[in-house]
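Chains, contacts and geometry: an overview
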Amino acid sequence: MLVTAFAACQPPPEPARRSVWGEIVALAQAEQSSAPALSVDSSRVVAGWIGADSAGVHQDIRQWIDGSLASATVLPLPPAHPYAQTLTAGQDGWLHLLWLDAAADGQTQLFSALITAQMTVERGPTPVSDELALRYAVTADSSERVWAAWSGRLLSEPVLSLRPIDPAGRPQPPQQVATNADYPALVRANDGTLLLFWLERGQLMQSAIHNGLIDTPVSLSSAVYLGAGDRLHSLSAGVDYAHAYIFWNVTRANGHPETWFAAGAIEAAAWAQPTQLQIEVLDGSTFETGFNTGSTAAAAPGETPLIWAAPLAGQYTVLPVAVQSPDGLGLVYLSSGSVVGYQTVVSDARLIAPPALAADRQRDLYLVWAQPSPHSAADLLLTTTHHAAME
């Protein structure tokens, strides 16, 4: 049973050695609060993070294949202050790495690199934005192109731009989507439609992208209210078989983290207003997730808060979302716009930024996170339902 309040003023515990899924794999230690970038295919897991040593800052990458953890590779990229890395699978086991970093003039821009299956850099660093970039989102389409949406150009009134990157890692011509727009979120439906969301003048906006053509934007609902001193950490999107979801990870001025979400039918022109992500676990009732997680507890909207939401990419009957609950790191499951299940995966884990979640074609789930340590850099950790690889 979940408790209803977070323990206050306690240091984070040492990382657990096992989750309810099995072994917890230590990927690295790094001075970052966010989860590693994560990419999963049928045979391997690849994680990326920002490392640092006496030689300076570097971008690191590591493979985990069938239960065997390869040595970390320092990518031969010349970063300055890199952050917000993402990994997206390309063709033939290659990867697209995107991140934000200072350009030669000191202005933050969005960059990409094409990484081979042998963990070498084929192309990059390649500028994706040619001016200031503030925040970005990325997804892949069925032709193995990567689509990047970012806000930037003007700090006071950001411009939202969209740009595909071809399988060879070459950015194609960009398109302007909106002005005075920020916090893009991207997700791809199984029919190939890309759904782009963003915040604009206090509204949650959406535009569908079909064959590279951007539909007329629509206002779905009001955005979550942010008062003086409140901070929006991230906006992210997910979909189930018929509904889309948006998640706001917020820290209030008093330091208290919250997660809010809004949901609506994919084709709907208007959604219900955002609500805080809170659940009630239904004692004695179970829920079948459709993934290799086993049965989880059934759940419904309630009063127990969940924070640091990170939805799974891809479209499935049910949307799993990695979250922190008062009991630890877990997954909440949503369907038809509402909470339907919950599972604690790692007891007593405490996060200070969102985790990351991925799935393979066999519907195994892979969960990574940064576990703060009071004595050293954060532990970057992995656990998965892919039991055959863990034995």
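Residues numbered from 1 in each chain as written. Predicted model: local features only at pLDDT ≥ 70, side-chain atom pairs only at ≥ 80, totals over all residues. Heavy atoms only, no water.

1. Concerning the sheet that holds strand S27 (residues 296-301)
Heads up, the condition is: In this scheme, strands are said to pair when DSSP sees at least two bridges between them. Secondary structure counts use DSSP, requiring at least four H or I residues in a row for a helix and at least two E residues in a row for a strand, with both numbered from the N terminus.
Strand order in this open sheet of 7 strands is S28-S26-S27-S32-S31-S30-S29, and the pairing throughout is antiparallel. For this open sheet the edge positions go to strand S28 (304-305) and strand S29 (307-311), each flanked by a neighbour on one side alone. The pairing of S27 with strand S32 (residues 338-347) spans 2 bridges and is classified as antiparallel. Across the sheet, the residue bridging to Ala297 is Tyr342, located in S32.

2. Thoughts on the pattern of salt bridges
What counts is decided by this rule: The working definition used for a salt bridge is a side-chain nitrogen of Lys or Arg within 4 Å of a carboxyl oxygen of Asp or Glu. Categorising residues by exposure relies on relative accessible area from a 1.4 Å probe, with only protein chains included: less than 20% of the type maximum marks a residue as buried, more than 50% marks it as exposed, and the intermediate range marks it as partly exposed.
One pass over the full model with this rule turns up 8 salt bridges. Note that Arg252 is salt-bridged to Glu258, the shortest N-O span being 2.9 Å. Taking relative accessible area as the criterion, Glu258 reaches 13% and is therefore assigned buried. Among the charged side chains, a network of salt bridges with common partners joins Asp230, Arg252 and Glu258.

3. Description of the environment of Gln32
Keep this limit in mind: Residue contacts follow a heavy-atom distance rule, with two residues in contact if any of their heavy atoms lie within 4.5 Å. Any pair of nitrogen or oxygen atoms within 3.5 Å is treated as a polar contact; in protein, a donor-acceptor pairing is required on top of that, and neighbouring residues in sequence qualify only through side-chain atoms on both sides.
You can see Gln32 is positioned in the loop between strand S3 (25-30) and strand S4 (37-40). Beyond its immediate stretch of four places on either side in the chain, Gln32 contacts Trp49, Ile50, Ala370, Ala378 and Leu380. A distance of 3.0 Å separates a polar side-chain atom of Gln32 from the backbone nitrogen of Ile50.

4. Considerations on the nonpolar core
The test is simple: Throughout this description, the term nonpolar core refers to a set of buried Ala, Val, Leu, Ile, Met, Phe, Trp, Tyr and Cys residues connected via side-chain atoms within 4.5 Å.
Within the largest apolar cluster, 42 residues are counted, with the highest numbers of intra-cluster contacts made by Val332 and Leu365. In terms of residue count, the dominant contributor to this core is strand S31 (residues 328-335) (5 residues). If near-sequence neighbours (up to four positions away) are discounted, Val332 is found in contact with Leu277, Ile279, Leu306, Leu319, Pro320, Val321, Val323, Val339, Gly341 and Tyr342. Counting residues in each nonpolar core, the second largest holds 21 residues, with Val187, Leu232, Leu235 and Trp271 among its members.

5. Thoughts on the packing of aromatic side chains
Cut-off, in case you're wondering: When two rings of Phe, Tyr or Trp (its six-membered ring) have centres within 6.5 Å they constitute a pair, described as stacked for plane angles under 30 degrees, edge-to-face for angles over 60, and tilted for the intermediate range.
On inspection of all chains with the given rule, the structure shows 6 aromatic pairs. Aromatic side chains Phe197 and Trp271 sit 5.9 Å apart centroid to centroid with 55° between the ring planes, which places their arrangement in the tilted category. Of this pair, Phe197 sits in strand S18 (residues 194-200) while Trp271 sits in the loop between strand S24 (257-265) and strand S25 (275-276); the two residues are 74 residues apart in sequence, bridging distant segments of the chain. The pair formed by Phe197 and Trp271 is uniform in burial state, with each residue classed as buried. Where Phe287 meets Tyr333, the ring centres are 6.2 Å apart and the plane angle is 45°; that geometry is what we call tilted. Linking Phe287 in strand S26 (residues 278-287) with Tyr333 in strand S31, this pair joins segments that are 46 residues apart in sequence. Each of the two residues, Phe287 as well as Tyr333, counts as buried.

6. Some points on the pairing of S31
Within S31, 8 of the 8 residues are buried, which leaves the element mostly enclosed by the surrounding structure. Pairing between strand S30 (residues 319-325) and S31: 7 bridges, direction antiparallel. Opposite Gln324, over in S31, you have Leu329 as the bridge partner. Hairpin remark: S30 followed by S31, antiparallel, with 2 residues in the connecting loop. Sheet analysis places S31 next to S32, joined by 8 bridges and oriented antiparallel. Bridge pairing links Leu329 to Val346 in S32.

7. Quick word on the environment of Leu27
Inspection of the secondary structure assignment puts Leu27 in strand S3. Relative accessible area serves as the criterion here: at 4%, Leu27 is assigned to the buried category. It is 32 Å that separates the C-alpha atoms of Leu27 and Ser335, two residues lying 308 residues apart in sequence. Beyond its immediate chain neighbours, meaning those up to four positions away, Leu27 contacts Pro36, Ala47, Trp49, Arg62, Leu69, Val368, Leu380, Leu381 and Leu382.

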